Amino acid sequence: MGEVLQFLIMGSFCLLVGAGFAGLIYVSARQQFKKFGIKDMAHLRKLAKEPPEAMQATVDATVREELEPVKVTPPGHSPRSRLEQLREVGLRGDAGTLERFDPDFSPVVFEDFAHALFTRVHEARGGGRLDRVGAWLSDDAFEALRTLGRPAQVKDPLVGVMAYADVTGVADNSSRVQVSLRFEAHYTEVDAVGAEQPWYVTEAWTLERTPAVASRSPDTVGTFIFTCPNCGAPSEAQRGGTCYRCDTKVNTGGFDWVVQSVRLLAREQRVPRGIGPPRSRDPKLPTLRDARAEANLDALGREDPDFILLALRPRLELILQEVRAGASHPDGQGMRPFLGDNVFRSQRHGSQASRDAGVRHVTRRSAIQHVSLARMSRDTYYDALTVRVHATCVDYSVRESDQKLVAGSAEHPRDFSEYWTLVRRRGVKGAPGTTRTCPSCGKPLTVDAAGYCMSCQAHLTSGAFDWVLHRIEQDASYRG
Ligand SMILES: [Zn+2]
Ligand SMILES: [Zn+2]
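Residues numbered from 1 in each chain as written. Chains lettered and ligands numbered in written order. Predicted model: local features only at pLDDT ≥ 70, side-chain atom pairs only at ≥ 80, totals over all residues. Heavy atoms only, no water.

Visitor: Before we move on, could you go through the overall build of the protein and cite the residues and values that matter?
Guide: Helix and strand content of the protein: 10 helices and 17 strands. Each of the 480 residues in the protein was classed as buried or not, and the buried ones make up 49%. Intrachain contacts of the protein at a sequence separation of at least 6 include 72% that bridge at least 24 residues. Carbon together with sulfur atoms contributes 53% to the accessible area of the protein, which is approximately 21800 Å² in total. (Helix = DSSP H or I, 4+ residues; strand = E, 2+ residues; numbered from the N terminus. Buried < 20%, exposed > 50% of the residue type's maximum accessible area, 1.4 Å probe, protein only. Contact = heavy atoms within 4.5 Å. Areas by Shrake-Rupley, 256 points an atom, 1.4 Å probe, with all protein chains shown as cover.)

Visitor: Describe the packing of aromatic side chains, naming the residues involved and giving the relevant values.
Guide: Applying the stated criterion across every chain yields a total of 10 aromatic pairs. Ring geometry for phenylalanine 118 against tryptophan 205: centres 5.2 Å apart, planes inclined by 40°, an arrangement best described as tilted. Of the two residues, phenylalanine 118 is situated in helix H6 (residues 107–125) and tryptophan 205 in strand E7 (residues 196–209); the sequence distance between them amounts to 87 residues. A single burial state applies to phenylalanine 118 and to tryptophan 205, both of which are buried. A centroid spacing of 5.6 Å and a plane angle of 45° characterise the contact between tryptophan 136 and phenylalanine 224, whose relative ring orientation is tilted. Of this pair, tryptophan 136 sits in the loop between H6 and helix H7 (139–146) while phenylalanine 224 sits in the loop between E7 and strand E8 (238–239), and the two are 88 residues apart along the sequence. Exposure class is identical for tryptophan 136 and phenylalanine 224. Each is buried. (Phe/Tyr/Trp six-rings, centres within 6.5 Å; stacked < 30°, edge-to-face > 60°.)

Visitor: I'd like to hear about the pattern of salt bridges, residue by residue, with values.
Guide: Under the counting rule described, the total for this entry stands at 40 salt bridges. A salt bridge links aspartate 156 to arginine 345; the shortest N-O distance between them is 3.7 Å. Of this pair, aspartate 156 sits in strand E5 (residues 153–168) while arginine 345 sits in helix H10 (residues 341–357), placing them 189 residues apart in sequence. Aspartate 156 sits in the partly exposed class, given a relative accessible area of 35%. On the basis of relative accessibility, which here comes to 23%, the residue arginine 345 falls in the partly exposed class. A salt bridge links arginine 216 to aspartate 256, with the shortest nitrogen-to-oxygen separation between them at 2.7 Å. With arginine 216 in the loop between E7 and E8 and aspartate 256 in the loop between strand E10 (248–249) and strand E11 (258–268), the pair connects residues that are 40 residues apart, well separated along the chain. Taking relative accessible area as the criterion, arginine 216 reaches 24% and is therefore assigned partly exposed. Under the relative-accessibility criterion, aspartate 256 is labelled buried at 7%. (Salt bridge = Lys/Arg side-chain N within 4 Å of Asp/Glu carboxyl O.)

Visitor: Break down the sheet that holds strand E9 (residues 242–243) for me, with residues and values.
Guide: Spatial strand order, E8-E9-E10: 3 strands in an open sheet with antiparallel pairing. The open sheet terminates on both sides in strands that have one partner only, identified here as E8 and E10. (Pairing = 2+ DSSP bridges.)

Visitor: Residue-level account of the sheet that holds strand E6 (residues 177–190), with values.
Guide: As summarised here, the arrangement of the 4 strands in space is E5-E6-E7-E11, forming an open sheet in which the pairing is antiparallel. Pairing within the sheet leaves two strands with one partner each, and these edge strands are E5 and E11. When the angles between neighbouring strand axes are averaged without regard to direction, this sheet yields 20°. Where E5 and E6 come together, 12 bridges link them in antiparallel fashion. Bridging across to E6, valine 159 finds its partner in alanine 185. Most of the contacts of H10 go to E5, to which it runs at about 120°, and overall it touches E5, E6 and E7. (Axes fitted to C-alpha atoms, helices over the stretch in contact; angles between N-to-C directions.)

This is the structure we're talking about:
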């Protein structure tokens with residue numbers, strides 16, 4: 001046992017030294033094996049004399065992590081990372097004092113808001129009700145959305161991907177923050193006689209605001225879109241960005257975010273190429289690790305000693321199985337309790353695309369191989385942990401009409417990796433749940449479509465009870 005501990009301590013030490021020297025760390029575990037006279041993993045386990053499972057997992061993860069190249073990224077290197085700094089900037093006085101603009105800013109809340117806004121805005125296009133969301137649209141954006149047509153109804157908009165294209169203006173004494181987003185989405189337009197037209201769209205949206213706005217709490221994300229950002233009056237009081245209750249033009253970015261521009265990049269009736277099960281990983285890509293990830297993880301560990309990265313692994317395994325199995329079930333009931341609203345809707349977007357393309361995805365034998373730390377950020381409302389999940393599964397697609405195999409292999413497993421971000425409300429503590437029972441009432445896990453426990457009505461998908469999946473990003477598109 002002593003040897004194993006020494007090995008692990010040496011492993012951590014080498015990682016730290018490696019991190020100090022260069023952004024790209026590559027420490028060979030084999031060299032350490034040699035140093036401690038360990039032949040291989042089996043020998044190591046034997047030395048540890050059948051350690052408890054947690055110990056085996058530690059050994060396993062330590063070794064595997066070191067076999068993988070990691071690229072450490074400095075704060076602010078990616079759009080998301082720049083946006084996160086919004087809570088740190090403010091008005092800097094001559095004496096070096098800093099009055100922070102928005103210390104409660106949370107990227108998790110922002111992302112939920114942006115998803116909700118996209119959905120509500122498109123729904124409001126139906127029946128010409130854009131005025132209802134006029135407080136959030138500049139005159140240009142309003143006009144761009146009007147030119148998309150005047151359907152009687154827009155049904156069930158589903159965002160498959162929301163990606164950051166750029167973030168600018170996050171700096172002390174800045175007067176304007178701009179966030180450029182790309183949405184890949186699906187919705188169905190219904191015309192006056194009830195004819196339905198499904199659309200797959202890609203849209204570029206730019207959101208703007210002055211940095212000196214206090215962010216709202218996550219509990220109001222779903223509702224405040226239909227109120228005046230200045231006085232709180234219901235949206236019926238608004239016409240074209242002006243609120244008649246407070247007699248103020250509110251679509252300026254001075255009260256909250258405003259959509260400055262909307263550009264339609266693509267809109268087609270067929271399923272776009274590239275939507276489907278995850279592609280094979282590119283083993284050449286190193287894991288992008290935020291420079292503050294480990295320090296933030298340690299800080300969480302001090303507040304919540306029951307939480308360690310390895311304790312999360314069985315929960316990740318459970319979520320992986322439910323997500324992969326859910327891909328072929330239209331209602332996704334099994335995965336619902338583990339997924340935040342956005343990622344759940346994104347999964348539904350994927351299954352919709354499969355159905356429209358006339359294919360069925362089948363996944364079997366999915367298992368996580370290892371997990372590497374990519375990012376850990378903490379704000380007023382959430383702890384958000386991003387890990388790169390390396391997994392394997394057998395997956396393939398068959399054409400519904402004749403059950404012919406059209407992609408993948410029904411026999412051979414393939415490796416893939418994705419970046420998963422899990423969130424938990426700040427202050428929630430305890431080991432991650434690894435069973436299909438409600439963390440609030442302990443009954444078997446069944447939730448309604450909005451993520452509330454059917455037995456006790458607890459909102460399980462809010463992150464108020466346990467870690468839930470907030471975002472899935474592919475290796476090729478993950479920027480940190
Ligand atoms: Zn008002
Ligand atoms: Zn319950």
